[in-house]
Amino acid sequence: MDLTKFQKQIEGSSDKTRPLPPVEKWNPDFCGDINMTVTLDGRWFYEGTPVGRASLVKLFSSVLKREDDKYFLVTPVEKVGITVEDTPFLITQWKEVEADANGDKNTALVLITQTGDEVVLDSVDQMELRVPPKAIRDKEATAIPYVCVRRNLWARLHQNVYYQLLEKSKEIKGVDETHFVVHSANIDFVIGKVG
């Protein structure tokens, strides 16, 4: 698989004025795996070398597709497998915006990935607590928030973002556990628990 050829097939499809490509509708033949890896820290590597151009990472992430636990880059004519160590996205920033839910003015959290994707937290099923693979290997069983970015593609919160949101969270003590909750768009999201 020639990465330059693949890049030419998808160039122009990630322009900010255009919607994301409809990769969920594309089912080309599998062309094999390429030596591309998204590491735990959200960096993309090709043939062991970091993909240095942010625009290329954004372009590749726009045609990323997940099937079961496997990840592929797809165009209408090609499908190649890549390695993702945990999630393809990492939440590196966040902000609050004014939201209008059911006529009520409130604030919503917007989580921003390393590729510039913005996710407004406004649905209960957008976030879940998981134990990262590295923590499982190291026998550290602390669950952290993962956020659905789009099309069953998830992001893990960067440690700095996680601690900033913990600082903002409300502590709710239960019988067996204490939950740490952030409020967004009139919904409470559990971002951590101890007990």
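Here, the structure is the one placed above.
Below or above, wherever it landed, is the structure these notes cover. (Residues numbered from 1 in each chain as written. Predicted model: local features only at pLDDT ≥ 70, side-chain atom pairs only at ≥ 80, totals over all residues. Heavy atoms only, no water.)

What follows is about the sheet that holds strand 1 (residues 30-38). On the basis of which strands lie adjacent, the open sheet formed by 6 strands has the order 3-2-1-6-5-4 and mixed pairing. In this open sheet, the two edge strands, each paired with only one partner strand, are strand 3 (49-50) and strand 4 (64-67). Judged from the 4 bridges that link them, strand 1 and strand 6 (residues 79-84) form a sheet pairing that is parallel. Note on strand 6: the bridge partner recorded for Asp33 is Gly81. (Pairing = 2+ DSSP bridges. Helix = DSSP H or I, 4+ residues; strand = E, 2+ residues; numbered from the N terminus.)

Before going further, it helps to spend a moment on the sheet that holds strand 13 (residues 170-173). Pairing is antiparallel across the open sheet formed by 3 strands, whose spatial order is 13-14-15. With one partner strand each, in any of the chains shown, strand 13 and strand 15 (187-194) form the two edges of the open sheet. The average angle at which neighbouring strand axes cross in this sheet is 35°, direction not considered. By the bridge criterion, 7 bridges tie strand 14 (residues 178-184) to strand 15 in an arrangement that is antiparallel. Paired with Phe180 across the strands is Gly192, a residue of strand 15. Packed on one face of the sheet, helix 4 (residues 159-168) meets strand 13, strand 14 and strand 15 and runs near 110° to strand 15. (Axes fitted to C-alpha atoms, helices over the stretch in contact; angles between N-to-C directions. Contact = heavy atoms within 4.5 Å.)

Here Leu121 shows up in the loop between strand 9 (118-120) and strand 10 (127-130). Here Leu121 falls in the buried class, since its relative accessible area comes to 1%. Linking Leu121 and Asn186, residues 65 residues apart in sequence, is a C-alpha distance of 9.8 Å. The contacts of Leu121, once residues within four sequence positions are left out, are Ala108, Leu109, Leu111, Gln126, Met127, Val147, Ser184, Ala185 and Phe189. (Buried < 20%, exposed > 50% of the residue type's maximum accessible area, 1.4 Å probe, protein only.)

Within the chain, Glu47 stands out as a residue other than glycine whose phi angle is a positive 55°. Tracing the sequence through the fold places Glu47 in the loop between strand 2 (44-46) and strand 3. For Ala185, which is not a glycine, the phi torsion comes out positive at approximately 50°. Along the polypeptide, Ala185 turns up in the loop between strand 14 and strand 15. The class for Ala185 is buried, based on a relative accessible area of 11%.

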